[in-house]
Structure formats: C-alpha cells, structure tokens
Amino acid sequence: MSRYYPPEAYGELNDDVNYILFSAEEIDQRVRELGQAISVDYAGLNPLLVGVLKGSFPFMADLLRMITIPMEVDFMAVSSYSAETRNQGLVRLEKDLGEPIDGRHVLFIEHVIDTGLTLNYLLRNLRVRNPASLKVCVLFDKSHRRLIDVPLAYKGFDLPDRFVVGYGLDYRERYRNLPFVGVLKAEAFYLNDGK
Ligand code: IMP
Ligand code: MG
C-alpha cells in the first residue's frame, strides 16, 4: 500500500490541478535513485547539502534520508527585490549558512531550475567561500527556459514549459503540500487572487 493519499484526498487543491505530471510514487523512486548515486559519489567526503528555503525542503527531507553516508545539511533563504531585479538574477540573502564552507564538498540542492538566474547568483555567492567542490542536484529541470548555463551534476526529471505546483512548488505560497507535481489550471491563477 502506498504511504501517500490519493490525489482526490487533497480536495480543492487537487481540483485546481489540470493534470498530474509526476505521481508521489514516481518522485519517491527517482529521489531514491538520486540518493543512491550521491551516496556512491560522495563516499568518504562528508558532503554538505545546501538547500534554499522554502521550496526545496520536501525534496531535501526525502533526499537526505536516501543518502547512506555521513553528511551534513544547511539552508539559505532568499527573496526577490522585485520581478524586474529577479529577471536579472538579483536576489536578497535573507538567511545565510550557519557555518563556513571552505574546504567542504558542497552539494547544492534545488527543487526546480528555470532560467537559472537565481541558482547562478547563489552559486557565485558560494564559490567565493572556497569550497573543495561545488555541484548541483536539481529535481525538476525546465531546460528550454534557461537563460544562463548551470552545470547540473544530478537531475531528477525534465519539466515542460508549464507552471507546475506540488512537492514544494507553490503558486502564491499554496500547493506546496501536494505529494505529486501537476500543471495548475488556468482558472486557479485567478481563483487564488486576493486569498
Ligand atoms: P530561476 O531558475 O531563477 O528562473 O528561478 C527558479 C525559481 O522560480 C524557483 O526557485 C521557483 O521558486 C520558481 N519557479 C520556476 N518555475 C516554477 C513553477 O513551475 N512552479 C512554481 N515555481 C516555479
Ligand atoms: Mg515560489
């Protein structure tokens, strides 16, 4: 028996989803595979997994329990100044890492990469702190939207150029708790206005 509720259990949240792209079980299986690969590649390196709040936390929570070697975890939080500055990849660091990362093998965990601008900004910020290595693990990749090239060491799934929600991905802070990932109905963009 699956440990997840069926999509219908999510009532009005599920009603806003046009169609499901990746089921909870599919995500689970892929996250397990990523965890296995990371466990092999980083054996003996005590990697530091770095996530960005809030979107990456379900992925981080599931991924790190599929990693079977010693590791540590830390989080950053960012916010956009405005839509315009975000398009330039400018974000404000709201919360920094708790410890220095010089000499550490850092694996940056991101739930979705779109234009790549946010990720590129954060990687530049981390690189100057002299980690021993700095690689990226992303669960969902919208590669056709990329404006700047970011090498991805680990990738879960390719996403179509559609706005998706669930498994940490939000629209106006909603839908993060869906265990699956689906395309939001056009109406839902209006329905959520003002709520
Ligand atoms: P970018 O790679 O700088 O364009 O920004 C990626 C960020 O945009 C992610 O961290 C998400 O917050 C957000 N994002 C991009 N695509 C989606 C989507 O389909 N659903 C929800 N959020 C998204
Ligand atoms: Mg968001």
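No experiment lies behind these values; they were computed from the predicted model shown.

Observations regarding the sheet that holds strand S1 (residues 17-22)
Now for step 1: Spatially, the three strands line up as an open sheet ordered S1-S9-S8, and their pairing is antiparallel. In this open sheet, the two strands that pair with only one neighbour each are S1 and strand S8 (164-165).
Now for step 2: In this structure, S8 lies alongside strand S9 (residues 181-184), joined through two bridges in antiparallel fashion. Bridge pairing links valine 164 to valine 183 in S9.

Structural notes on the site of ligand 1
Now for step 1: Near ligand 1 you find 14 residues, and of these Thr115, Gly116, Thr118, Lys142 and Val164 are the closest.
Now for step 2: Between ligand 1 and leucine 117, the relevant distance is 3.5 Å, taken from an oxygen atom to a main-chain nitrogen or oxygen of the residue.
Now for step 3: A distance of 2.6 Å separates a nitrogen atom of ligand 1 from a polar atom in the backbone of valine 164.
Now for step 4: In isolation ligand 1 has 490 Å² of accessible area, and contact with the protein removes 85% of it.
Now for step 5: Elements with a contribution of two residues or more to the shell around ligand 1: strand S5 (105-113) and helix H5 (117-127).

Section: the packing of aromatic side chains
Now for step 1: Within the structure shown, the criterion is met by eight aromatic pairs.
Now for step 2: With centroids separated by 4.9 Å and ring planes inclined at 75 degrees, the aromatic side chains of tyrosine 171 and phenylalanine 189 adopt a geometry described as edge-to-face. Of the two residues, tyrosine 171 sits in the loop between S8 and S9 while phenylalanine 189 sits in helix H6 (residues 186-191), which places them 18 residues apart along the sequence.
Now for step 3: Taking relative accessible area as the criterion, tyrosine 171 reaches 13% and is therefore assigned buried.

Section: the sheet that holds strand S3 (residues 72-80)
Now for step 1: One open sheet holds the six strands; their spatial order is S4-S3-S2-S5-S6-S7, and the pairing between them is mixed. The two strands at the open ends of the sheet, each matched to only one other strand, are strand S4 (91-95) and strand S7 (154-158). On average, each strand axis in the sheet is inclined to that of its neighbour by 30 degrees, with strand direction left out of account.
Now for step 2: As paired elements, strand S2 (residues 48-53) and S5 share four bridges and run parallel to each other. When the sheet's bridge partners are listed, leucine 49 is paired in S5 with leucine 107.
Now for step 3: Against the sheet, H5 contacts S2, S3, S4, S5 and strand S6 (133-141), and its axis sits at roughly 170 degrees relative to S5.

What about unusual backbone geometry?
Now for step 1: Cis geometry marks the peptide bond from leucine 53 to lysine 54; its omega dihedral reads 0 degrees.
Now for step 2: As for its placement among the helices and strands, lysine 54 is situated in the loop between S2 and helix H3 (57-64).
Now for step 3: Residue tyrosine 167 is not a glycine yet carries a positive backbone phi of 50 degrees.
Now for step 4: Within the secondary structure layout, tyrosine 167 lies in the loop between S8 and S9.
Now for step 5: Phi is positive for glutamate 173, close to 75 degrees, though the residue is something other than glycine.
Now for step 6: Looking at the secondary structure, you find glutamate 173 in the loop between S8 and S9.

Concerning the environment of isoleucine 69
Now for step 1: On the secondary structure map, isoleucine 69 appears in the loop between H3 and S3.
Now for step 2: According to the relative accessible area criterion, isoleucine 69 is buried, its value standing at 16%.
Now for step 3: Note: C-alpha distance between isoleucine 69 and isoleucine 38 (31 residues apart in sequence) is 8.9 Å.

Here's the deal with the pattern of salt bridges
Now for step 1: Enumeration according to the criterion identifies 14 salt bridges in this entry.
Now for step 2: For aspartate 141, the salt bridge goes to lysine 155, with nearest N and O atoms at 3.3 Å. Placement of aspartate 141 in strand S6 and of lysine 155 in strand S7 is noted, with a sequence separation of 14 residues between them.
Now for step 3: Classification of aspartate 141 as buried rests on a relative accessible area of 3%.
Now for step 4: Each of the salt bridges in this network shares a partner with another, and the network as a whole consists of Lys54, Asp170, Glu173 and Arg176.

What counts, and at which threshold
- One numbering rule holds for all chains: residues counted from 1, following each sequence as written.
- Whichever chain is written first is A, and whichever ligand is written first is 1; the rest continue in order.
- Reporting of local features is limited, given that this is a predicted model, to residues whose pLDDT is at least 70; pairs of side-chain atoms are given and counted only at 80 or more, and all residues count toward the totals for whole chains, interfaces and linings.
- Only hydrogens and water are set aside; all other atoms, that is, all heavy atoms of the structure, feed into the side-chain values.
- Whether two strands pair comes down to DSSP finding at least two bridges between them.
- In this text, helices come from DSSP runs of H or I with a minimum length of four residues, and strands from runs of E with a minimum of two, each type numbered from the N-terminal end.
- Whether a residue is near a molecule or strand depends on its heavy atoms: if one lies within 4 Å, it is near.
- Pairs of N or O atoms within 3.5 Å make up the polar contacts considered here, provided that, within protein, one atom can donate a hydrogen while the other can accept it, and that residues adjacent in sequence are counted only when both atoms are side-chain atoms.
- For the accessible areas, the method is Shrake-Rupley and the probe is 1.4 Å, while residue cover comes only from the protein chains on display.
- Working definition: rings of Phe, Tyr and Trp (its six-membered ring) pair if their centres are within 6.5 Å, and the pair is stacked with planes under 30 degrees apart, edge-to-face with planes over 60 apart, and tilted otherwise.
- Whether a residue is buried, partly exposed or exposed follows from its accessible area with a 1.4 Å probe, protein chains only, as a fraction of its type maximum: under 20%, in between, or over 50%, in that order.
- The angle between two axes is taken between their N-to-C directions and runs from 0 to 180 degrees, where each axis is a line fitted to C-alpha atoms and a helix contributes only its stretch in contact.
- What makes two residues a contact is simply this: any of their non-hydrogen atoms within 4.5 Å.
- Every case where a carboxyl oxygen of Asp or Glu lies within 4 Å of a side-chain nitrogen of Lys or Arg is listed as a salt bridge.

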